[in-house]
Amino acid sequence: MEICVFGAASKTIDERYITAVEAMGEYLAKRGHNLVFGAGKTGVMGAAERGFKKGGGRIHGVVPEFFKEDLYDFVDWDCDEITLTETMRERKAIMEDAADCFIIAPGGAGTFEELFEVLTLKQLGQHRKPIAIYNIDGYYDEMIKALDYSIEKNFIKAECRALYKLFTDLDKMIDYLENDDMEGLTVQDLK
């Protein structure tokens, strides 16, 4: 499987997130999976890449051309495959299309945006790919509370909880990624 990992590229995040995501990448690669990601060499993104590389996985980085000028040092140019894009929007579309599933690792505004885009596209029936939220040290607890609040207020249907799953256990996460059937729900159930 081609697994898209979204997560922070920040150089200042706590090491426990880096360590957990690197171990996750190695674990997934040893299971025969590959990585598609934003080509970052720092933060959680870099940790995912290092883990997949340790585990023998193939690495596909997708990065906008303008990173060459302004953010060159943040990019791992040594991926097995690099795809250059014109825009961030195009970058995301290529990663979404290439992926068989998504892991949302801890991240900031960009990661939140990526999560909500793949979540919305799944709700609208544009894909049925599993979305796993890797909740290291309770990082996503408050976001899940916000989603539950929106469900409580009828802005989101309760059935939409089937669009994603929250994990702290890697064995349970990989089982979900490899076997998700969206609990048999259709797009009509989710709108």
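Details of the structure are given in the entry above.
Counting of residues starts from 1 at the beginning of each chain's written sequence and follows it residue by residue. Under the rules for a predicted model, residues below a pLDDT of 70 receive no local features and side-chain atom pairs below 80 are neither given nor counted, while totals for whole chains, interfaces and linings still include all residues. Calculated side-chain values reflect all of the structure's heavy atoms, with hydrogen atoms and water omitted.

**Student:** Got a sec to walk through the packing of aromatic side chains? Specific residues and values, please.
**Tutor:** The description of two aromatic rings rests on the distance between their centres and on the angle between their planes. Ring pairs are drawn from Phe, Tyr and Trp, using the six-membered ring of Trp, whenever the two centres fall within 6.5 Å, and their geometry is named by plane angle: stacked under 30 degrees, edge-to-face over 60, tilted for the rest. Tallied over the full model, the rule gives six aromatic pairs. Their ring planes at 10° and their centres at 5.9 Å tell us that Phe6 and Phe102 sit as a pair that is stacked. Of the two residues, Phe6 sits in strand β1 (residues 2-6) while Phe102 sits in strand β5 (residues 101-104), which places them 96 residues apart along the sequence. With a centroid separation of 5.8 Å and an interplanar angle of 75°, the aromatic rings of Tyr17 and Tyr139 are classed as edge-to-face. Placement of the pair is Tyr17 in helix α1 (residues 15-30) and Tyr139 in the loop between β6 (131-134) and α6 (141-152), with a sequence separation of 122 residues. Aromatic ring contacts, followed pair by pair, group Tyr17, Phe112, Tyr139 and Tyr140 into a single cluster. Each helix is a run of DSSP H or I of at least 4 residues and each strand a run of E of at least 2, with the numbering of both proceeding from the N terminus.

**Student:** Tell me about helix α2 (residues 43-54), and name the residues and values.
**Tutor:** Within an α-helix, residues lying three or four positions from one another point in the same direction, as the helix has 3.6 residues per turn. What a helix is expected to span follows from its residue count: subtract one and scale by 1.5 Å. With twelve residues, α2 extends 17 Å from end C-alpha to end C-alpha; this agrees with the ideal 16 Å at 1.5 Å per step. Taken together, the buried positions of α2 are Gly43, Val44, Met45, Gly46, Ala47, Ala48, Glu49, Gly51 and Phe52. The contact definition used throughout considers only heavy atoms, calling two residues in contact when any of these lie within 4.5 Å. Taken together, the buried residues of α2 touch β1, α1, β2 (34-37), β3 (59-64) and α4 (88-98). Looking one or two places after α2, you find Gly56, whose phi comes out positive at around 90°. Classification of residues uses two cut-offs on accessible area relative to the type maximum, computed with a 1.4 Å probe and protein chains only: under 20% is buried, over 50% is exposed, and between them is partly exposed.

**Student:** How would you sum up the nonpolar core? Please name residues and give values.
**Tutor:** In this structure, Val5, Met24, Ile103 and Met173 are the most contacted members of the largest nonpolar core, which totals 31 residues. Of all the elements in the fold, those that place two or more residues in this core are β1, α1, β2, α2, β5, β6 and α7 (170-179). Residue contributions to this core peak at seven residues, all from α1. Apart from the residues lying within four places of it in its own chain, the contact partners of Ile103 are Ile3, Cys4, Val5, Phe6, Met24, Leu28, Ala132, Tyr134, Met173 and Leu177. Grouping buried Ala, Val, Leu, Ile, Met, Phe, Trp, Tyr and Cys residues that are joined through side-chain atoms within 4.5 Å yields what is termed a nonpolar core.

**Student:** Provide a residue-level description of the pattern of salt bridges, including the pertinent values.
**Tutor:** Any carboxyl oxygen of Asp or Glu that lies within 4 Å of a side-chain nitrogen of Lys or Arg is treated as forming a salt bridge with it. Taken as a whole and assessed by the stated rule, the structure comprises 13 salt bridges. Across the salt bridge formed by Asp14 and Arg16, the nearest N and O atoms sit 3.6 Å from each other. With a relative accessible area of 36%, Asp14 lands in the partly exposed category. Overall, the relative accessible area of 42% leaves Arg16 in the partly exposed class. Across the salt bridge formed by Arg16 and Asp137, the nearest N and O atoms sit 2.9 Å from each other. With Arg16 in helix α1 and Asp137 in the loop between β6 and α6, the pair connects residues that are 121 residues apart, well separated along the chain.

**Student:** Any chance you could break down α1 for me, citing the residues and the numbers?
**Tutor:** For α1, built from 16 residues, the straight-helix expectation of 22 Å at 1.5 Å per residue is met to within 8% by its first-to-last C-alpha distance of 23 Å. For α1, every residue scored as buried is listed here: Tyr17, Ile18, Ala20, Val21, Glu22, Met24, Gly25, Leu28 and Ala29. For this analysis, a polar contact is any N or O atom pair within 3.5 Å, provided that within protein one partner can donate a hydrogen and the other can accept it, and provided that sequence-adjacent residues contribute only side-chain to side-chain pairs. Its side-chain oxygen 2.8 Å from the backbone nitrogen of Arg16, Asp14 forms the N-cap of α1. At the C-terminal side of α1, Gly32 shows a positive phi close to 100°.

**Student:** Mind laying out the packing of α1 against α7, listing which residues take part and the relevant values?
**Tutor:** When two helices pack together, you describe them by how their axes are tilted relative to each other and by the distance separating the axes. Geometry is summarised by axes, namely lines fitted to C-alpha atoms with helices restricted to the contacting stretch, and by angles between N-to-C directions that run from 0 to 180 degrees. Axis separation between α1 and α7 bottoms out at 11 Å; the angle between their running directions is 50°. With respect to their mutual orientation, α1 and α7 come out oblique. Taken as a pair, α1 and α7 cross one another with a handedness that is right-handed. Facing α1, whose interface residues are Met24, Tyr27 and Leu28, α7 presents Leu170, Asp171, Met173 and Ile174. For this classification, Asp, Glu, Lys and Arg are treated as charged, while Ala, Val, Leu, Ile, Met, Phe, Trp, Tyr, Cys and Pro are nonpolar and the rest, including Gly, are polar. Considered class by class, the residues forming the contact of α1 with α7 number six nonpolar, no polar and one charged. In this scheme, roughly parallel covers angles under 35 degrees and roughly antiparallel covers those over 145, while 65 to 115 is roughly perpendicular and the rest are oblique. Two helices cross in a left-handed way if the nearer one is turned anticlockwise from the farther one by less than a right angle. They cross in a right-handed way if the turn is clockwise.

**Student:** Can you explain the side chain of Lys129? Please cite residues and give values.
**Tutor:** With respect to the element layout, Lys129 can be found in the loop between α5 (109-123) and β6. His residues and chain termini do not enter the charge count, which takes Lys and Arg as positive and Asp and Glu as negative. We note that Lys129 is buried and unpaired, the nearest opposite charge coming from Asp97 at a distance of 5.4 Å. Within the structure, Lys129 has its side chain in polar contact with the backbone oxygen of Glu96 (distance 2.6 Å). The residues touching Lys129, leaving out its near neighbours within four places in the chain, are Glu96, Asp97, Ala99, Asp100, Cys101, Phe102 and Lys122.

So yeah, pure geometry; function would need other evidence.
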